[in-house]
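# Reading the structure
Listed here are the chains, written in short residue letters.
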Amino acid sequence: GINAEYGGLATAGMFRAAARLVSRPAAIAIAIAPATALAEPRTNRFLPEHPSGDRPRSTYAEYLNLYYLLDLQRDDEGVSVDEQHFIVVHQVFELWFKLIIQELLEASSLLEQSFVPEEQIPQVVHKLKRCTEIFKLLAQQWKVVETLQPQDFLAFRDGLGTASGFESFQIRQLEIMLGMLQEDRVSNFQDPIKRFKLKADTGHQGDKTVYKMMQEVAAATPLTKTLDRWLYRTPIDGSLPNDEGDNKVVERFVAKYLSLHEQLQQQTVERMAVAGMDPERIEKVKAMQQGLSLIHI
């Protein structure tokens, strides 16, 4: 019935229709750099002097590079367990950020194809779902951070100088990849590109690599725009953006969607009245229906 047809339209087409109506006609003509420009060869980008290429992988420890990994928490400096806790937590954050960035790059690469095969859409969904689950895990990780008492943190905080989590270049990379602009930041927040350039001019070779990466990120297509462009290109009732009469097809689709929504809302109001529900709640549903009717007009 109406529920099934309305649900199908809602999931299959309204986002496409919105992208088509909002973006028409000039947006798709704009040439922008693909996100795949960010894909780097699998080499040691930050410390090229470290061994690279094929390494032993016959054991668990060898495959995961555990001997190297477990030497990265400053044991040789004699740091306290509390400071190691702080280091490990943030290293884990950064490792997850790395995976999120790679997943988003691959999802963007798939969606930027002029024609995205239907069987590849589940791959994109899978990658985005994985990112969502990682972010959920990262949110839970703050519970581990909270086990560090303020006095324990202050015992080693002075030794960090001006260092701050705000300097995480992967966080800034994610922000830009997801469409954040400098004007979206608070007024006194320094442009991260400028900040990383300053460090590249005076710092370690790794800082130069970071600045190069940030320039590539800024020049590439944000995922939000990639999604908009994919939605724009997706057929609506078999009609493509450049097809003759596409405007009318999209308008007819939206009209049908809104009509079905109004019918569904009316049925909901009737059921609520029969069930003797609070009149105030019923009026709210009616107001929602009236708002959609005005949009339709």
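For the structure given in this document, a descriptive report is provided here. Note that the structure is predicted; figures quoted are calculated from it, not measured.

On to the overall build of the protein chain, then. Of the regular secondary structure elements, the protein chain holds 13 helices and 0 strands. Taken from N to C terminus, the helices and strands of the protein chain fall in the order α-α-α-α-α-α-α-α-α-α-α-α-α. In the protein chain, buried positions account for 31% of the 297 residues. Working note: accessible area of the protein chain is about 19300 Å², and carbon and sulfur atoms make up 59% of it.

Counting 22 residues, the largest nonpolar core has F93, I100, L104, L138, L174, M177 and M214 as the members making the most contacts within it. For this core, the elements supplying multiple residues, two or more each, are α5 (81-111), α6 (121-145), α8 (169-177), α9 (192-202) and α10 (205-219). Counting residues per element, this core draws most heavily on α5, which supplies 7 residues. Membership of the second largest hydrophobic core comes to 9 residues, among which are A107, L110, I121 and W230.

Further remarks concern the packing of α8 against α10. Relative orientation and spacing of two packed helices are given, respectively, by the angle between their axes and the distance between those axes. Where α8 contacts α10, the axes come no closer than 9 Å and their chain directions differ by 10 degrees. Relative to α10, the element α8 lies roughly parallel. Mapping the contact onto sequence places F169, R172, Q173, I176 and M177 in α8 and V210, M213, M214, V217 and A218 in α10. A per-class count over the contact of α8 with α10 returns 8 nonpolar, 1 polar and 1 charged.

With that out of the way, let us pick up the packing of aromatic side chains. Scanning the model with the defined rule gives 6 aromatic pairs in all. Counting every residue linked through ring pairs, the aromatic cluster contains F86, F153 and F156.

Between side chains of opposite charge, a pair can form when the charged atoms approach closely. Following the criterion strictly, the structure yields 10 salt bridges and no others. Residues R130 and E103 are paired through a salt bridge, measuring 2.6 Å at the closest nitrogen-oxygen approach. With a gap of 27 residues between them, R130 in helix α6 and E103 in helix α5 connect regions that are remote in the sequence. Judged by its relative accessible area of 37%, R130 is partly exposed. Classification of E103 by relative accessible area gives buried; the value is 5%. E106 is the partner of K127 in a salt bridge, and the nearest nitrogen-oxygen pair spans 2.7 Å. Highlighted residues: K127 in helix α6 and E106 in helix α5, separated in sequence by 21 residues. Via salt bridges that share partners, E103, E106, K127 and R130 belong to a single interconnected network.

Definitions and limits used
- Residues numbered from 1 in each chain as written.
- Predicted model: local features only at pLDDT ≥ 70, side-chain atom pairs only at ≥ 80, totals over all residues.
- Heavy atoms only, no water.
- Helix = DSSP H or I, 4+ residues; strand = E, 2+ residues; numbered from the N terminus.
- Buried < 20%, exposed > 50% of the residue type's maximum accessible area, 1.4 Å probe, protein only.
- Areas by Shrake-Rupley, 256 points an atom, 1.4 Å probe, with all protein chains shown as cover.
- Core = buried A, V, L, I, M, F, W, Y, C linked by side-chain atoms within 4.5 Å.
- Axes fitted to C-alpha atoms, helices over the stretch in contact; angles between N-to-C directions.
- Parallel < 35°, antiparallel > 145°, perpendicular 65-115°, else oblique.
- Contact = heavy atoms within 4.5 Å.
- Nonpolar A, V, L, I, M, F, W, Y, C, P; charged D, E, K, R; others polar.
- Phe/Tyr/Trp six-rings, centres within 6.5 Å; stacked < 30°, edge-to-face > 60°.
- Salt bridge = Lys/Arg side-chain N within 4 Å of Asp/Glu carboxyl O.

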